[in-house]
Amino acid sequence: SQQGEEDPQALSIQEGENATMNCSYKTSINNLQWYRQNSGRGLVHLILIRSNEREKHSGRLRVTLDTSKKSSSLLITASRAADTASYFCATDKYGNKLVFGAGTILRVKS
Amino acid sequence: DVKVTQSSRYLVKRTGEKVFLECVQDMDHENMFWYRQDPGLGLRLIYFSYDVKMKEKGDIPEGYSVSREKKERFSLILESASTNQTSMYLCASSYKRGVIAYEQYFGPGTRLTVT
């Protein structure tokens, strides 16, 4: 069964707009991670947020974590065409292992 | 930079063939993983290895086996390929520090087609 579920499944925005993706999970976690996958390629790690953190920034990325609601959001500000990709959240349900959601497909139109 | 390489980007095999997918990482990571990725299903863990010769089944191990004879290399074996194993296969590695999962580094993927 999948631990992380992303919402929406797909998102289409104009360049320069902000993109927000959400992730919900079911059980307690040590950390939650976000990854990006460009079409047909491997995943690239974006950001890791620990269960005792509420917000984390990395460049144009902002991740929030609400452990009481078992949810996280990824915000990409001032989006660019190069941000077009699939975005996955992953939680450490089984210690060293991660469980990935089905992903959000982001399309940024120029 | 961490580099994870996979032996093939594209592979076409026939039903019943034995298939080997190789993965090599150069960062001395203890953990290595094999996933398969199918549309709408995200990544599903096939097998996990936390040390040389050590392995654990993931969520979908049926029809697959693995081998880890050296720390840097983790092989996925399809004993008798079937059409429902047509998929994208992704290898990943990570450090092992206690029971907490760290970021994983992925290879470029192998798109396997079984005809």
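As a starting point, this report considers the structure included with it. Just so it is clear, the structure is predicted and the values come from calculations on it, not from any experiment.

Quick word on the overall build of chain B
And then number 1: From N to C terminus, chain B includes 0 helices and 11 strands.
And then number 2: Each principal axis of the C-alpha distribution contributes one length, and for chain B these read about 40 × 30 × 25 Å.
And then number 3: Counting all 115 residues of chain B, 46% fall into the buried class.
And then number 4: Split by element, the accessible area of chain B, about 5,600 Å² in all, is 51% carbon and sulfur.
And then number 5: Distance between charge centroids for chain B: 4 Å, based on 17 positive and 15 negative side chains.

So, the sheet that holds strand 3 (residues 19-24) of chain A
Residue and element names in this part refer to chain A.
And then number 1: Judged by pairing direction, the sheet is antiparallel, and its 5 strands sit side by side in the order 1-3-8-7-6 without closing on themselves. Both edges of this open sheet fall to strand 1 (5-7) and strand 6 (55-58), since each of them pairs with a single strand only. With direction set aside, neighbouring strand axes in the sheet form an average angle of 20°.

So, the environment of A:Ser79
All names here are of chain A.
And then number 1: Take Ser79: it is sitting in the loop between strand 8 (71-76) and strand 9 (85-94).
And then number 2: Looking at Ser79, the relative accessible area reads 2%, which means it is buried.
And then number 3: Along the sequence, Ser79 and Thr27 sit 52 residues apart, while their C-alpha atoms lie 32 Å from each other.
And then number 4: Dropping the residues within four chain positions of it, Ser79 is found in contact with Ile13, Gln14, Glu15, Gly16, Glu17, Arg60 and Val108.
And then number 5: In terms of polar contacts, Ser79 uses its side chain to reach the backbone carbonyl oxygen of Gln14, at 3.4 Å.
And then number 6: For Ser79, the side chain forms a polar contact with the main-chain oxygen of Glu17, separated by 2.8 Å.

Regarding the environment of B:Gly58
Residues and elements named next belong to chain B.
And then number 1: Looking at the element boundaries, Gly58 is found in the loop between strand 6 (54-57) and strand 7 (64-70).
And then number 2: Expressed as a C-alpha distance, the spacing of Gly58 and Trp34, which sit 24 residues apart in the sequence, is 8.8 Å.
And then number 3: Leaving out residues up to four positions away in the same chain, Gly58 has contacts with Leu45, Ile46 and Tyr47.

What about the pairing of strand 11 (residues 110-114) of chain B?
Residue and element names in this part refer to chain B.
And then number 1: The two faces of strand 11 differ: Thr110, Leu112 and Val114 on one face are buried, but Arg111 and Thr113 on the other face are not.
And then number 2: Across 4 bridges, the pairing between strand 2 (residues 10-13) and strand 11 is parallel. Bridge pairing links Val12 to Thr113 in strand 11.
And then number 3: Where strand 9 (residues 87-94) and strand 11 come together, 3 bridges link them in antiparallel fashion. By the bridge assignment for strand 11, Tyr89 is matched with Thr110.

Some words on the interface of chain B and chain A
Interface extent is often summarised as the accessible area lost during association of the parts.
And then number 1: In this assembly, 29 residues from chain B lie in contact with 22 residues from chain A.
And then number 2: Each partner contributes to the roughly 1,900 Å² buried at the junction of chain B and chain A, and carbon and sulfur atoms together form 51% of this total.
And then number 3: Of all residues in chain B, B:Leu43, B:Ala101 and B:Phe106 bury the most surface against chain A, accounting for 23% of the area lost on that side.
And then number 4: For the pair chain B and chain A, the interface holds 1 salt bridge.

Let's talk about the nonpolar core
And then number 1: A:Leu32, A:Trp34, A:Leu74, A:Ile76, A:Tyr87 and A:Leu106 are the most contacted members of the largest nonpolar core, which has 21 residues in total.
And then number 2: Among the secondary structure elements, those contributing two or more residues to this core are strand 3, strand 4 (31-37), strand 5 (43-50), strand 7 (61-66), strand 8, strand 9 and strand 11 (104-109) of chain A.
And then number 3: If we skip the residues at most four places from it in the chain, A:Leu32 touches A:Cys23, A:Tyr25, A:Ile47, A:Leu48, A:Ile49, A:Leu65, A:Ser72, A:Cys89, A:Ala90 and A:Thr91.
And then number 4: Within the second largest apolar cluster, 20 residues are counted, among which are B:Val19, B:Leu21, B:Tyr89 and B:Val114.

Some details on the packing of aromatic side chains
And then number 1: In the structure shown here, the tally under the stated rule is 9 aromatic pairs over all chains.
And then number 2: Ring plane angle 15° and centroid distance 4.9 Å describe the contact between B:Phe33 and B:Phe48, whose orientation is recorded as stacked. Separated by 15 residues along the polypeptide, B:Phe33 in strand 4 (residues 31-38) and B:Phe48 in strand 5 (residues 42-51) bring together distant segments of the chain.
And then number 3: In textbook terms, an aromatic cluster arises when at least three aromatic residues are bridged by ring pairs, as seen for A:Tyr35, A:Phe100, B:Phe33, B:Tyr35, B:Phe48, B:Tyr50 and B:Phe106.
And then number 4: Lying across the ring of B:Tyr10, B:Arg9 places its NZ or CZ 5.5 Å from the centre.

Criteria and cut-off values
- Residues numbered from 1 in each chain as written.
- Chains lettered and ligands numbered in written order.
- Predicted model: local features only at pLDDT ≥ 70, side-chain atom pairs only at ≥ 80, totals over all residues.
- Heavy atoms only, no water.
- Helix = DSSP H or I, 4+ residues; strand = E, 2+ residues; numbered from the N terminus.
- Buried < 20%, exposed > 50% of the residue type's maximum accessible area, 1.4 Å probe, protein only.
- Areas by Shrake-Rupley, 256 points an atom, 1.4 Å probe, with all protein chains shown as cover.
- Lys, Arg positive; Asp, Glu negative; His and termini not counted.
- Charge placed at Lys NZ, Arg CZ, Asp CG, Glu CD.
- Pairing = 2+ DSSP bridges.
- Axes fitted to C-alpha atoms, helices over the stretch in contact; angles between N-to-C directions.
- Contact = heavy atoms within 4.5 Å.
- Polar contact = N/O pair within 3.5 Å; in protein donor to acceptor, adjacent residues only side chain to side chain.
- Buried area = accessible area lost by both parts, 1.4 Å probe.
- Salt bridge = Lys/Arg side-chain N within 4 Å of Asp/Glu carboxyl O.
- Core = buried A, V, L, I, M, F, W, Y, C linked by side-chain atoms within 4.5 Å.
- Phe/Tyr/Trp six-rings, centres within 6.5 Å; stacked < 30°, edge-to-face > 60°.
- Lys NZ or Arg CZ within 6 Å of the ring centre and 35° of its normal.

So, to be careful, I would describe these as geometric facts and stop short of saying anything about function.
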